[in-house]
Amino acid sequence: MIFILTGAGISQESGIPTFRDAGGLWEGENVEDVATPRGFARNPDRVLDFYNARRRNLLDPAVAPNAAHQALARLEAAVAARGGEVLLVTQNVDNLHERAGSKNLLHMHGEMLKARCQLCGEVMRWEGDLTRQSVCPSCAGPGRLRPHIVWFEEMPLYMPEIEQALNRCRLFVSVGTSGNVYPAAGFVSLARRAGADTLELNLERSLGASRFRDGRYGKASAIVPAWVDEVLGGQ
Ligand code: OAD
């Protein structure tokens with residue numbers, strides 16, 4: 001089984017800014033204000049506006065999967081045809097992996113095009129702006145919808161499935177992530193301890209680069225398809 005972890009770098013060439021690069025989403029932004037439960041309780045409008053802007057950006061017709069997303073979908077299909085498995089775990093909240101055709105996919109940090117009701121717990125597709133007046137279609141409670149995004153201090157989604165997969169993968173590949181945010185930043189060590197080979201594909205050496213056995217550096221749209229071609233033996 002091949003375990004692939006992706007981060008904001010894979011979507012950068014699709015027109016979605018990363019977090020920590022120059023001009024990234026966290027530049028000039030206080031993370032505590034817009035990406036924590038406390039920030040939301042203190043100033044819900046500010047947090048809703050921050051994610052409304054990001055949702056609108058994702059829905060811009062110019063934003064589309066790039067060659068790296070497409071290569072990972074191609075890898076999954078080809079490996080599945082041979083009876084193997086590729087699991088894609090993404091920290092990204094965009095929908096570019098699914099639009100490229102990836103199926104075995106877990107969004108560990110939530111999804112931009114979904115909202116969650118804090119009253120009844122229902123998770124639903126949501127493509128418009130979210131406001132304090134938005135009404136939950138499931139329980140009809142007003143003012144209790146929030147972005148379906150995992151904030152700092154909250155537990156990422158699908159952790160039991162992810163831990164199980166890290167224990168049984170033979171290859172762990174990280175694509176376009178800076179290695180700043182745990183638990184994702186620690187996955188490489190868990191996979192390695194379980195006996196997996198490890199590879200980093202990123203624009204530059206990440207914070208955790210020394211934990212990987214191998215690394216290839218450059219733009220995702222170039223290095224990811226090249227690596228996939230290599231794995232599939234030119235298939
Ligand atoms: P970061 O912004 O921290 O890191 C993006 C990484 O992608 C950096 O190492 C860049 O060098 C690299 N990169 C940029 N452009 C690239 C390109 N064209 N091709 C390949 N690599 C490129 O983003 P993440 O590591 O994804 O969490 O951030 C992790 C989490 O921190 C996010 O999921 C988000 C954030 O706070 C939440 O919102 C919960």
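Computed from a prediction, not measured in an experiment: that's the story for all the values here.

### Notes on the nonpolar core
Membership of the largest hydrophobic core comes to 25 residues, with the highest contact counts inside it found for Tyr51, Met124, Leu145 and Trp151. Every element with two or more residues in this core is listed here: helix H3 (44-58), strand S4 (110-117) and strand S6 (145-149). Here the element with the most residues in this core is H3; it accounts for five residues. In terms of nonpolar packing, the next biggest core, distinct from the first, is built from 23 residues, Ile4, Ala71, Ala78 and Ile223 among them.

### Overview of the pattern of salt bridges
With the rule as written, the count across this model stands at 16 salt bridges. The residue Arg38 makes a salt bridge to Glu153 at a minimum N-O spacing of 2.5 Å. Highlighted residues: Arg38 in helix H2 (residues 37-42) and Glu153 in the loop between S6 and helix H6 (159-168), separated in sequence by 115 residues. Where Arg146 meets Glu154, a salt bridge forms, and the shortest distance between an N and an O atom there is 2.9 Å. Assessed through its relative accessible area of 5%, Arg146 is described here as buried. The partly exposed category is assigned to Glu154, whose relative accessible area is 24%. Each of Glu29, Glu32, Asp33, Arg38, Arg42, Arg46 and Glu153 takes part in a single network of salt bridges with overlapping partners.

### Here's the deal with the packing of helix H4 (residues 67-81) against helix H8 (residues 220-231)
With their axes 7 Å apart at the nearest point, H4 and H8 run at an angle of 20 degrees to one another. Judged on the interaxial angle alone, H8 and H4 are roughly parallel. Crossing of H4 against H8: the hand is left-handed. Counting all contacts with H4, which are made through Ala67, Ala68, Ala71, Leu72, Arg74 and Leu75, the residues of H8 involved are Ala220, Ser221, Val224, Pro225, Trp227, Val228, Asp229 and Val231. Of the residues contributing to the contact of H4 with H8, the split by class is 11 nonpolar, one polar and two charged.

### Re the site of the ligand
Close to the ligand lie 24 residues; Ala8, Phe19, Arg20, Thr177 and Ser178 are nearest. Taking His109, its side chain carries an N or O atom lying 2.8 Å from an oxygen atom of the ligand. Residues belonging to the shell around the ligand are distributed by class as follows: eight nonpolar, 11 polar and five charged.

### Structural notes on H4
Here H4 is 15 residues long and its end C-alpha atoms lie 21 Å apart, about the 21 Å a rise of 1.5 Å per residue gives. What H4 keeps buried is the set Ala68, His69, Ala71, Leu72, Ala73, Leu75, Glu76, Ala78 and Val79. Next to the buried residues of H4 lie strand S1 (2-6), strand S2 (86-90), helix H5 (96-100) and H8. For H4, the side-chain oxygen to backbone nitrogen distance between the N-cap and Ala68 is 2.7 Å, and the N-cap itself is Asn66. Following H4 by one or two positions, Gly83 adopts a phi angle in the positive range, close to 90 degrees.

Parameters at a glance
- Throughout, a residue's number is its position along its own chain's written sequence, starting from 1.
- Residue-level local features of this predicted model are given only where pLDDT is at least 70; pairs of side-chain atoms are given and counted only at 80 or more, and the full residue set underlies all totals for whole chains, interfaces and linings.
- Side-chain figures throughout are based on the complete set of non-hydrogen atoms in the structure, without hydrogens or water.
- Joining through side-chain atoms within 4.5 Å is the link that ties buried Ala, Val, Leu, Ile, Met, Phe, Trp, Tyr and Cys residues into a set, and such a set is a nonpolar core.
- Each residue is assigned to one of three classes by its accessible area relative to the maximum for its type, calculated with a 1.4 Å probe on protein chains only: buried under 20%, partly exposed between the two thresholds, exposed over 50%.
- A run of H or I in DSSP becomes a helix once it reaches four residues, and a run of E becomes a strand once it reaches two; helices and strands are each numbered from the N terminus.
- Salt bridge, as applied in this entry: a Lys or Arg side-chain nitrogen positioned within 4 Å of an Asp or Glu carboxyl oxygen.
- Orientation is described by lines fitted to C-alpha atoms, with helices fitted over the stretch in contact, and by angles between N-to-C directions that extend from 0 to 180 degrees.
- What sets the label is the angle itself: under 35 degrees gives roughly parallel, over 145 gives roughly antiparallel, 65 to 115 gives roughly perpendicular, and the rest give oblique.
- The hand of a helix crossing depends on one turn: near helix anticlockwise from the far one by less than a right angle means left-handed, and clockwise means right-handed.
- What makes two residues a contact is simply this: any of their non-hydrogen atoms within 4.5 Å.
- Residues are grouped as follows: Ala, Val, Leu, Ile, Met, Phe, Trp, Tyr, Cys and Pro are nonpolar; Asp, Glu, Lys and Arg are charged; all remaining types, including Gly, are polar.
- Nearness of a residue to a molecule or strand requires only that one of the residue's heavy atoms be within 4 Å of it.
- N or O atoms closer than or at 3.5 Å make up a polar contact, with two conditions inside protein: a donor-capable atom paired with an acceptor-capable one, and, for residues adjacent in sequence, both atoms drawn from side chains.
- How far a helix is expected to stretch is found by multiplying one less than its residue total by 1.5 Å.

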